[in-house]
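# Fold and geometry: a report
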Amino acid sequence: MPRGSCLLTCLRPLVSLVFLAFCSGLAAAEPALRPIDVTDESAPTFTVYSSREGLSDEIWSTVGWDKQGFVWAGSASGLARFDGYRWTPWPFAQAHSLVRDMQVDARGNLWAIFEREGLARHDGRAWSLDSSRNAFHQRFSDTFLADGTPQFWVSEDHGFRSLVGDRWQEDPGNDSVRSGPLVRIEQSETLFGQPRQWMGTGSDGLWYRTLADHGKTNPWQRFEQPGFATLHTTDLLRTHDGDAEELWVLTYGDGLIRIRNDGIRRWRAVRGELPTESIYSARATYSARGQRTLWLASRAGLLRFRNDRFATFDRRNGLPADAVRGIKLQRNADATEVLWLATEGGIARTALTNSQWQTVSLLGARENGIFAVMLEADGKGGERLWVGSAKEGLALLQDGEWRHFTLANGLLPHEGVRQVWRLADGAGGTQRLVSLINGELLRIDDALDFSPVASPWPKNTDELAAFALSRGQGSAAETWFGTLHSGAYRLLQGQWTQYLADGASQPWAVINMTEQIDAHGRSWLWAASNQGLALFNGLQWKLIPGLPADSFRDVILLKHAPRPTLWAASNRKGILRLDVGNPEQPVLLDDNGIPPPPDPTIYTVTEDSQGRIYVCTNNGVQQLTPAPDGHYDERVFRRRDGLVHDECNTNAQFVDAHDRYWVGTLGGLSMYDPNVATRAQHAQPNPLRFTELRVDGELLDASADAPRILPAGTREIDVAFAVLSGFREQESTYRSQLVGLEPAASAWSTEHHRHFSRIPPGHYRLQVEGRDYAGIVSAPIALEFSIQAHWFEQTWIRILLGLAALALALGLVMLYNHGLHRRQRHLKLEVARRTSEIRAANQRLTELSYQDPLTGVANRRRLMEAVNTAIERARARGLPIGLIVIDVDHFKDYNDRRGHLAGDVALRAIAQALQSATREQDLVSRFGGEEFACLMIDAGIEAVERCAERMRALVEALPPRTLGNDTQTITISAGIMSRVPGAEEDGADLLREADTALYRAKAEGRNRICRVRPGGIAGDALPG
């Protein structure tokens, strides 16, 4: 300890108070920074539908919607309908070829173009083939007459037809069409000073015609501009950007063209302006200020053109395929705009709402995501953003442009970045520091040049600085670093000091720290480490006794708690809360009023200025909002809400000065802005519809209004319903009542179907209410039906049957009295027999107390007793004990997608596979949830490893049917150990050692076996 440390300890309260006063005055004097705008960096949040949701495994080409609000999709061989939850293949015997396009006409009829069979129409109830014209059609179009009357068009090989009433009429201008096939017709109002209709062709360029008086048209003329004569047009789209009208010409191989009165511009892939020139179709959306955003379906993904910049969204952003064949824009009843995408791997959609979540960066998405995130002033009144990943270096977002620093471009000595900080420099200023995964520390100057900083910890791939914190001011400022193996380091006045906590063994991993200023102005430091929580009192670090044994990743002192309260993020046990009013005597608090996190593995806990708490876990982000009663209201955000990935990364989250929450994950960086308004309560309600009606397994028309007469003997009735919100349907809730059977409506729930079994004859009315994710109630719907009675269910027949039953009962009573005396003689014998059975049952209960009821293997109690017994025998004989700790990979995701019944089937199959890999004397047990353990007596490490590898291979080979599904297999990860137990060790010590190896197996990619590494620690190589 430096000689002046005692003096520094005495002066620290005064220094801290002066520093806080200085910072408060500085904050008051400095204007708030303009928040960084990441709108152009953010990616849409896609909801994806594939074979798991009922779609066939084929190319999907287009999307449309009918009068009822149901969404339809066309594929290479037919149609499917979406009910808000699942897609249902829709047989249409008259047509089963490629569906080229779908569109709604002015009357609300949905039309589809089948490549071989021609046009088909859906009138809101059924599909029918239009027999008036069977020709090769390309695409639908719509324009408007001068009086605002809509025109609905279909393009053919050599001309267009418009829909008049229910019939398609040939356009008079077809006589002037000299080439084909034609693609689309579009109309402009001000381009070139007059209203025009434009025609795109497949290989003969762009054509136009002027509109004469009274809606008449002039002959078609070629648009004579350089480069237009042989365009392979795929679509035309008229838009406006502010006051400027635009005509977009999409091509397949000839780029993207924009025609405006101020000129013509073409974007080409060969010049690096486009990711592809294979573009299919486009749609436009507009901001409140009239700013246009263009969305394009292409073979490179979904393209977004805004502010003269293109952004590409593909599989990395969650699309089912890079090739997007069709794009449609749906405006729901509540004015929500939804983009529907037909791709070569399924259907995707994204709601273009004012989303509170934005995806900012996909850096590191193909490996371990983002670990380093930092905002700082850009020197111009705004902010700039630093992000770093373990494989793709460091990136800086400033003025809407990304700049990358990597090993490949020579700007970094190593591609792996762990953290980036802005810290005190010990001279009254600040400095930027970057921690690399090889242990190096770099400084970034204002010219963005990098220079090495000498640091005392070892430089290798296992050691690095995981966290840094500055406290104090000016020359008294000190900087603390936490490392993954060698404890904590303090840098003060150019001198480094290493610290290991009293009671801690090496390696000691310090993952996070926080400072506490107590009521007397004294500064304390808390640390989250692999061996528990630690406290620095100014002289030494000490581990906090009496806490549940676990490693920790984060520690935070709440600013808005009535008492000093420390929240600690643990590796396996969720959140621990401590009252630290007296830091030297912390008190563990209970969890009353705090909802449990969505996963017990917690990476960080973060608090904003309103007291909202964000808990970043292995399975989403939990938001806790203080309630008036002292409890917390909970929301959990996952990928469906816009979070780029459900698994967080360590120390990669923070709340900025604008209360925006930034979260680095395994798939990139997301930002949550609680200030963005969500859907208003006065918005228009979405339609509630019956989506399916089955009677004894037979599918009936659920949209019919007339009451249904069901035959006598009807056994099963299944009814499904949905709010067709086009957005977050899983959060819609419903309540229903079968009037005539149920006295009141059910409670609100997310269940969107009802099942009735063996309802008595009579008349019934099923009344259903629904409300969407925002709580807006839809108009209720009702389904009426009557069940006819059998002849024997009539009243007089029932009376006769009742009398017969009474007579039979009297006869049975007489028989019973006759046999009563005979049974009494056997009573004593029966009592003796039952006593024997009870003894046997008690013996069976004792056996069951050692058995897991689901899998049939031993339970945790049996395992711990067996391990402790084996330790005593092994210690006496000097023989090794082997342990295997097993975790089923991604089992929570499997449960979420397949359901708990499939999860139970999978656990039973895995348990059988594990048992079949062991020796006769080995014991396999279910350790808890999706974890198993195996005890091997007198087994060296090689034998244990062979057994574990047999287990891993057998589980990986289990077919999906055995696991309770049709497509998905399962893998396991395992940690193993083998040695002679020490004199003071018990079963928990050996299991904790094997569990450490399990963590490393999961961190290195799962589906693998890892031995206990000498000197290894839990979490030192985790992907998070």
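Residues numbered from 1 in each chain as written. Predicted model: local features only at pLDDT ≥ 70, side-chain atom pairs only at ≥ 80, totals over all residues. Heavy atoms only, no water.

### Description of the overall build of the protein
Here is the rule we go by: Helical segments are the DSSP runs of H or I of at least four residues, strand segments are the runs of E of at least two, and each set is numbered from the N terminus. Between buried and exposed lies partly exposed: a residue is buried under 20% and exposed over 50% of the maximum accessible area for its type, with that area taken using a 1.4 Å probe on protein chains only. What makes two residues a contact is simply this: any of their non-hydrogen atoms within 4.5 Å. In these tables, accessible area is a Shrake-Rupley quantity obtained with a 1.4 Å probe, and a residue counts as shielded only by the protein chains included in the view. Note that His is not counted, nor are the chain ends; the positive residues are Lys and Arg, and the negative ones are Asp and Glu. Note on charges: their place is set at NZ of Lys, CZ of Arg, CG of Asp or CD of Glu.
Of regular secondary structure, the protein possesses nine helices and 69 strands. Here the protein holds 1024 residues, and the buried ones make up 52% of them. Expressed as a percentage of contacts within the protein between residues at least 6 apart in sequence, the contacts between residues at least 24 apart total 53%. Summing over all exposed atoms, the protein offers an accessible surface of approximately 46,200 Å²; the carbon and sulfur share of this is 51%. Taking the 112 positively charged and 124 negatively charged side chains of the protein as two groups, their mean positions are separated by 4 Å.

### Looking at the side chain of R184
Inclusion rule: Polar contacts, as counted here, are pairs of nitrogen or oxygen atoms within 3.5 Å of one another; within protein the pair requires one atom able to donate a hydrogen and one able to accept it, and residues that are adjacent in sequence qualify only if both atoms are side-chain atoms.
Locating R184 in the fold gives a position in strand 14 (residues 182–188). One polar contact links the side chain of R184 to the main-chain carbonyl oxygen of F140, over a distance of 2.9 Å. Polar side-chain contacts of R184 include one of 2.8 Å to the backbone oxygen of L236. R184 has contacts with R139, F140, S141, S155, F160, W198, M199, G200, D235 and L236, leaving out every residue within four places of it along the chain.

### Points about the packing of aromatic side chains
Our working definition: Under the pairing criterion, centres of Phe, Tyr and Trp rings, with the six-membered ring standing for Trp, must be within 6.5 Å; the plane angle then separates stacked pairs below 30 degrees from edge-to-face pairs above 60, leaving the rest tilted.
For the structure on display, the rule yields 51 aromatic pairs. Relative to W340, the ring of F82 has its centre 5.9 Å away and its plane inclined at 70°; by these criteria the two rings are edge-to-face. Of this pair, F82 sits in strand 4 (residues 79–82) while W340 sits in strand 27 (residues 337–343), placing them 258 residues apart in sequence. The residues F82 and W340 share a single accessibility class, namely buried. Members of the aromatic cluster, connected to one another through ring pairs, are W72, W90, F92, F114 and W127.

### Concerning the packing of helix 4 (residues 860–877) against helix 9 (residues 987–1003)
For clarity, the cut-off: To get an axis, a line is fitted to the C-alpha atoms, and for a helix only the part in contact is used. The angle between two axes follows their N-to-C directions and goes from 0 to 180 degrees. Each angle gets one of four labels, with under 35 degrees taken as roughly parallel, over 145 as roughly antiparallel, 65 to 115 as roughly perpendicular, and the rest as oblique. Ten residue types, Ala, Val, Leu, Ile, Met, Phe, Trp, Tyr, Cys and Pro, are classed as nonpolar, four, Asp, Glu, Lys and Arg, as charged, and the remainder, Gly among them, as polar.
For the pair helix 4 and helix 9, interaxial distance at closest approach is 9 Å and the crossing angle is 105°. In terms of their interaxial angle, helix 4 and helix 9 are classed as roughly perpendicular. Residues M864, V867, N868 and I871 of helix 4 touch helix 9, and the partners they reach there are G987, A988, L990 and L991. Looking at the contact of helix 4 with helix 9 residue by residue, the classes come out as six nonpolar, two polar and no charged.

### Quick look at the side chain of R926
Position of R926 relative to the elements: it lies in strand 66 (residues 923–928). Residue R926 is classed as buried on the basis of its relative accessible area, which comes to 17%. Looking at R926, its side chain comes within polar contact range of the main-chain oxygen of G929, at 3.0 Å.

### Overview of helix 6 (residues 900–916)
Let me state the cut-off plainly: To estimate how far a helix should reach, multiply one less than its number of residues by 1.5 Å.
Between the first and last C-alpha of helix 6 there are 24 Å, a value that for 17 residues agrees with the 24 Å anticipated at 1.5 Å per step. Inspection of helix 6 places A902, G903, A906, L907, A909, I910, A911, A913 and L914 among the buried residues, and these make up the whole buried set.

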